[in-house]
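# Coordinates in review
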Amino acid sequence: MTVARPVRILILVSAVLWCLFLLQIFFPSFGFGGPGDRYSNFERDPNLDPTGEPEGTLRRTSDKYLPDADPSDRIPATLLALVRNEEVDEMVNSMRDLERTWNNKFNYPWTFFNDKPFSDEFIKKTSAATKAKCNYELIPKEHWDTPSWIDNQLFDESAKILEKNGVQYASMISYHRMCRWNSGLFYKHEALKDIRYYWRVEPNVHFFCDVDYDVFRYMHDNNKTYGFTINLYDDPKTLPSIWPETVKFLAEHPDYLHPNNALKWLTDDTVRPTHNIKAQGYSTCHFWSNFEVADMEFWRSQAYEEYFNHLDRAGGFFYERWGDAPVHSIALGLFEDSSKIHWFRDIGYQHIPFFNCPNSPKCRGCVTGRLTDGEAWLHHEDCRPNWFKYASMG
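This one's a predicted model, so the numbers in the text were calculated from it and none came from an experiment.

Thresholds applied
- Residues numbered from 1 in each chain as written.
- Predicted model: local features only at pLDDT ≥ 70, side-chain atom pairs only at ≥ 80, totals over all residues.
- Heavy atoms only, no water.
- Pairing = 2+ DSSP bridges.
- Helix = DSSP H or I, 4+ residues; strand = E, 2+ residues; numbered from the N terminus.
- Axes fitted to C-alpha atoms, helices over the stretch in contact; angles between N-to-C directions.
- Parallel < 35°, antiparallel > 145°, perpendicular 65-115°, else oblique.
- Left-handed = near helix turned anticlockwise from the far one by under 90°.
- Contact = heavy atoms within 4.5 Å.
- Nonpolar A, V, L, I, M, F, W, Y, C, P; charged D, E, K, R; others polar.
- Salt bridge = Lys/Arg side-chain N within 4 Å of Asp/Glu carboxyl O.
- Buried < 20%, exposed > 50% of the residue type's maximum accessible area, 1.4 Å probe, protein only.
- Polar contact = N/O pair within 3.5 Å; in protein donor to acceptor, adjacent residues only side chain to side chain.
- Core = buried A, V, L, I, M, F, W, Y, C linked by side-chain atoms within 4.5 Å.
- Right-handed = clockwise from strand over helix to strand, strands pointing away.

Attention now goes to the sheet that holds strand β4 (residues 197–200). The seven strands lie next to each other as β3-β2-β1-β4-β9-β6-β10, forming an open sheet whose pairing is mixed. Strands at the two margins of the open sheet, each flanked by one partner only, are β3 (134–138) and β10 (341–343). Pairs of neighbouring strands in the sheet enclose a mean axial angle of 20°, with direction left out of account. One ladder, built from three bridges, connects strand β6 (residues 226–228) with β10; its direction is parallel. Opposite Y226, over in β10, you have I341 as the bridge partner.

Close contact between helix α6 (residues 173–184) and helix α14 (residues 324–335) brings their axes to 8 Å; oriented N to C, the two are set at 25°. One finds that α6 runs roughly parallel with respect to α14. By crossing handedness, the relation of α6 to α14 is classed as right-handed. For the pair α6 and α14, contact is made by C179, N182 and S183 and by D324, V327 and H328, respectively. Here the contact of α6 with α14 is built from residues that sort into two nonpolar, three polar and one charged.

Here we take up the pattern of salt bridges. According to the stated counting rule, one finds 28 salt bridges in the structure shown. The shortest N-O distance in the salt bridge between K362 and E53 comes to 3.2 Å. One end of the pair, K362, is in the loop between β12 (354–356) and α15 (384–390); the other, E53, is in the loop between α1 (5–26) and β1 (77–82), and 309 residues separate them in sequence. What makes K362 partly exposed here is its relative accessible area of 28%.

The topology assignment puts N356 in strand β12. Judged by relative accessible area, which is 1%, N356 ranks as buried. Polar side-chain contacts of N356 include one of 3.4 Å to the backbone oxygen of R345. Among all residues touching N356, those that are not within four sequence positions of it are N47, T229, I230, W343, F344, R345, I347, G348 and Y349.

Moving on, we get to the nonpolar core. The tendency in soluble globular proteins is for nonpolar side chains to be buried as a group. Residues F186, W299 and F335 are the most contacted members of the largest nonpolar core, which totals 53 residues. The biggest single contributor to this core is α14, with six residues. F335 has contacts with F249, L250, Y256, H258, F298, A303 and Y307, leaving out every residue within four places of it along the chain. Core analysis: the second largest hydrophobic core is formed by 43 residues, A77, F122, Y197 and V215 among them.

Of all five residues in strand β2 (residues 110–114), five are buried; the element is thus mostly enclosed. Of the two faces of β2, the one holding W110, F112 and N114 and the one holding T111 and F113 are both buried throughout. Examined bridge by bridge, β1 and β2 share four bridges and lie parallel to one another. Bridging across to β2, L80 finds its partner in T111. Traced from β1 through helix α2 (residues 88–106) to β2, the parallel crossover comes out right-handed. In the sheet, β2 pairs with β3 via five bridges, with the strands oriented parallel. Counted as the bridge partner of W110 is C134 from β3. Handedness of the crossover joining β2 and β3 through helix α3 (residues 120–127) is recorded here as right-handed.

Sheet strands line up and pair through hydrogen bonds in the backbone, either parallel or antiparallel. Spatially, β5-β11-β12 is the arrangement adopted by the three strands of the open sheet, whose pairing is antiparallel. Sheet topology places β5 (206–207) and β12 at the edges, where each strand pairs with a single neighbour. Sheet topology note: the strand β11 (residues 349–351)/β12 ladder contains three bridges and is antiparallel. The residue bridging Q350 from the neighbouring strand is F355, located in β12.

For the rest of this paragraph, the subject is the environment of Y256. Counting through the fold element by element, Y256 comes out in the loop between α8 (242–252) and α9 (263–267). It is 8.9 Å that separates the C-alpha atoms of Y256 and E336, two residues lying 80 residues apart in sequence. With residues up to four places along the chain from it excluded, the contact list for Y256 reads F249, Q302, A303, E306, L334 and F335. Looking at Y256, its side chain comes within polar contact range of the side chain of Q302, at 3.0 Å.

Each pair of packed helices can be summarised by the angle the axes make with each other and by the distance between the axes. Their axes nearest at 11 Å, the elements helix α12 (residues 302–314) and α14 cross at an angle of 135°. Classified by the angle their axes make, α12 and α14 are oblique. Pair α12 / α14 crosses with right-handed handedness. Residues A303, Y304, Y307 and L311 of α12 form the contact with α14, whose participating residues are V327, H328, I330, A331 and F335. When its residues are assigned to classes, the contact of α12 with α14 shows eight nonpolar, one polar and no charged.

Take a look at the structure:
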């Protein structure tokens, strides 16, 4: 039977569309251009350029990094995770990635924190995922509970307003407590009193690149305070008063402002002017702190301790939704030498929906230069260009 020409054309078009649909499902990275052709805030994303190891002193693995080595070349440092019992499988996935790409060579301990006792299942599964020592710590009530000066009725009313404005987790009190603990209390835990450096690891994150040097020794030997992979804009609706409170604090402590600060990164109003207006002078740029490698001596400093206490008393961890990422980032941008903040461009990393994926033969499983595999508008959230403009790429 002869099929009419218009019908044949319709069948052909349908077949082509169906093939394109299948390509998007099974090959989501398929496109008519590379990741650098998608919208980004760069003329060219530096992750598209070949990436090697960072400059400076690098310590390689040796027998002194074996799990039971004594003496050991490990310095006082830990991999750190705040995690719930029910997230054990997602936590093990993150551990397997980081053990495979880095920690199997250096065997730094894991320290897990929870506001509830860890289950036998959690301990069994996580301890089986590493040869390194695992520590399981309970957060003291005085570090986790809502502080006495927070008005519960005002919290409920504020949460309703935030939810109405589309702010996620606004009424989830545990989320507010988590942000406060990550901002200014975790490093006060007794288990960390003799520890100086930590690498924060969250459940269900991914690491893509082999790292063949001791990251903690890199921080120590090269005088680095903080390391990041992803640098984003925040939602100004979550923190409208954090910058005014910061300005108040600076007025009282002008001497805490470091001469080589990153104030312009924090206050830029050219790229996202609406963000700056809604956040009352803050660009909302921040280091995405689900990945951070840091020297806790900075958080333990007088300047940071007084700054955190000022913010804590202002109530924004509960009446708004201040996160640890902007709190850490603002403090670092003001009180620290910006040359001591390092972009770990060689560490491939993903926390949904964002990536850091360098151009390196040591990386597998991510697309070079891809910032996100989500909607195209997410590329607007990238604040790395401003950091590189006002601070450095080091």
